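Observations on chain architecture
Residue-level listing of the chains:
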Amino acid sequence: MEFKGYTLNEFQVEAATAIDSNQNVLLAAPTGSGKTLVAEYAIARALEAGRRAIYTSPIKALSNQKFRDFRAEGLRVGLMTGDLTLDPDAPIVLMTTEIFRNAVFENPERFDDTDVAVFDEVHYVDDRDRGTVWEESLIFAPAHVRFIGLSATIDNLREFGNWVASVREHELAVIEHKKRPVPLSHRLYHPDAGVFQLAQRPRAITLHEKSQARDRRHGTRVGRRERERSRWGDKRERAKGRRIYNGPRPYQLLLDQVQFRQLLPALYFCFSRKECEIKAERSMHRRLLNRSERGRIHDLYDEICEQFELDPDADPGLRGILGRALVGVGYHHAGMLPIHKEVVERLFTSGLLKLLFTTETFAIGINMPARTVVFDLLRKFDGVQMDYMKSRDYLQMAGRAGRQGLDKTGLVIAILEDEDLVEGPLSRYHSGKVEPINSRFNLSYSTVLNLYERLGSKGLLAAYDKSFAAFQAETGSAKVRAKKRAAAHAALALRLQVLRDAGYLDSEEVLPRGRVAQRINGYEIQATELLFSGVLDEMDIHQLSCTFAALIHEERRRAEPRSHRQQPGPLMRRATEAVRRFVAIEALHAVSQPIKEPDFGIAPAVDTWSRGGSLEDLERLAHSDAGDVVRTLRMAIQMMRQVRIAVGKGEPLADRLDEAVVSINRDDVDAKRQFELG
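Residues numbered from 1 in each chain as written. Predicted model: local features only at pLDDT ≥ 70, side-chain atom pairs only at ≥ 80, totals over all residues. Heavy atoms only, no water.

This paragraph deals with the sheet that holds strand E12 (residues 194-196). Taken in spatial order, the seven strands of this open sheet run E12-E11-E19-E16-E13-E15-E14, and their pairing is mixed. Two strands close off the open sheet at either side, each with one partner strand: E12 and strand E14 (329-332). Across the sheet, the mean angle separating the axes of adjacent strands is 20° when strand polarity is ignored. Bridge count between E14 and strand E15 (residues 355-358): four bridges; the pairing is parallel. Residue pairing in the sheet places His 332 in a bridge with Thr 358 of E15. (Pairing = 2+ DSSP bridges. Helix = DSSP H or I, 4+ residues; strand = E, 2+ residues; numbered from the N terminus. Axes fitted to C-alpha atoms, helices over the stretch in contact; angles between N-to-C directions.)

What follows covers the nonpolar core. The biggest cluster of nonpolar side chains holds 178 residues, and the ones touching the most others in it are Phe 100, Phe 160, Leu 347, Phe 375 and Phe 548. At 10 residues, the largest contribution of residues to this core is made by helix H27 (residues 626-647). Here Phe 160 is in contact with Leu 26, Val 122, Val 125, Leu 138, Ile 437 and Phe 468, once residues within four sequence places are set aside. Counting 35 residues, the second-largest nonpolar core is a separate cluster that includes Phe 11, Leu 84, Ile 148 and Ala 173. (Core = buried A, V, L, I, M, F, W, Y, C linked by side-chain atoms within 4.5 Å. Buried < 20%, exposed > 50% of the residue type's maximum accessible area, 1.4 Å probe, protein only. Contact = heavy atoms within 4.5 Å.)

With that settled, consider a negative patch on the surface. On the surface, Asp 299, Asp 302, Glu 303 and Glu 306 cluster together to form a negatively charged patch. Its place among the elements puts Asp 299 in helix H12 (residues 291-307). (Patch = residues over 30% accessible without salt bridge, like charges linked within 9 Å, V, L, I, M, F, W, Y side chains within 5 Å. Areas by Shrake-Rupley, 256 points an atom, 1.4 Å probe, with all protein chains shown as cover. Salt bridge = Lys/Arg side-chain N within 4 Å of Asp/Glu carboxyl O. Lys, Arg positive; Asp, Glu negative; His and termini not counted. Charge placed at Lys NZ, Arg CZ, Asp CG, Glu CD.)

So, about the pattern of salt bridges. Tallied over the full model, the rule gives 46 salt bridges. With a shortest N-O distance of 2.9 Å, Arg 346 and Glu 342 are connected by a salt bridge. With Arg 346 and Glu 342 both in helix H14 (residues 338-349) and four residues apart, the pair spans about one turn of that helix. Of the residues examined, Arg 346 reaches a relative accessible area of 21% and is grouped as partly exposed. Note on Glu 342: relative accessible area 13%, which makes it buried. Here the salt bridges do not stand alone but share partners, grouping Lys 4, Glu 40, Lys 66, Asp 69 and Glu 73 into one network.

Encoded structure:
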């Protein structure tokens, strides 16, 4: 069986046959094994039948990339990511999963002529913050829409498939493929043992113990030097239990070997933005490109800058990217400006960047493989404490090793701390076995309001009974199952009571506050409280921009908190009090996770930017990475547009919201301009 010039392999044929038989498909396969071709096959069949197709993804960058891919094939395609809306009535529309879920509630009629919806990275059901969006989409999408779910390998695929089959009308084909097109070869590295395989762990531990004994014998000679270094060493080296090295750091020794053995290009995963930057700067001596390659990367860089109308002379960040790229090195993380990330990604896909230090976000979605993947640590901060990462996360990142058609195997090397060598769950990562996915079903206030209007309070409780959470709770004795169900129903009933007490609905219908909150997605309660308090009517365009940014902004944790924070003005204090009205009602009902209050720490930066300030002003005054500030401003723009629609045309506040959007939606914040240039 052939499609788009490819001879389909066994699992692709099985999926294509299911699609032709009008079934839903749930496909789990490793990164780079050809899942996307199955999605494209389903889309092609929908178009042939004169129907529409939706392609959803968890991240905007992946939606943008797929948009470009489809358009390059000459297809008419639309895009809806919150930042951008282009041709939403096209036969194929790319969108984030949140946009899809919102449309299901707000305007289900728009799917009347939709045949199929592709859910890329459907294992995101397990995402702590966003997983509920996938569940809600699968449960509440119109019954005639078929689903193609694409997933990385998951342990409980059959369980998840059984749940999907129980909530969707069409038959479901569950397909699992475990073979990678380029097999992975896993290695470990410890400075006392060098590079070794898992089976050689006992020998590595013996070598480490001998090294420790030597250190103890010579402890009096190196103790003072170690104490001195601990004062200026980076945070990772100051961490508890971390040895201080007097010679080259372990990762430098490892990269020496990777370079010598010609195992580049390499992706080096760090769990800290600062580590990415530090390690890239410490690798500038490597000189990984020859003269010809340096010339090619300079030409490519100039071409990219011309395409995006960038001026390196006015942008130190861009000049830094070129300086690193000319020796074959780069870094990439979410704190960078979106346009800077774009430049690095395009340089990396050329194959000329040989060593890229990056955070885990680089592993999601867009296919940018390398010869080798290196892990800086096997433990990361999970929001509460430092803990060993999930096997699924490890394999998602490790899956970037090995380029199809270029490498026989992909090499994955994990750098071990002393305690990892002895106690780390290393066999878990190398076995390829991953954790099961679990439901994160947690209806937002906006979703509760939308469902209440359609289903009433009893129907809302019945909606929970359709969830993956309820499906997974069907274990244990009848008494245990009943207890779990009662607890879940009580949690939903509590949300309904909070909304009643706050004046969003009554025993019969959704009230005006609730109708506004229905139309806003994300921070819907905060925006509604501000609107009904009247404080927004008294704000100028700059104060509006600051206030909506404050709803989203959350200062990143830092070792030393800022000693001085500018006090917000009277209108901003009133805005905080307006939101606290709802928080107080939540407190009365002992809601465990109340809504977020505004954080006006970002206000001086946003105010300056809205009055025409520079990017340097924005970053300096926000005390935050430029990428984080740009992301906050783009979300604030989305919120202001939604509130403007809720207010209605012709109202003075609606006009000021439009002006506020214009005042901040420029230069690096303007997502549409960057996308259209690229």
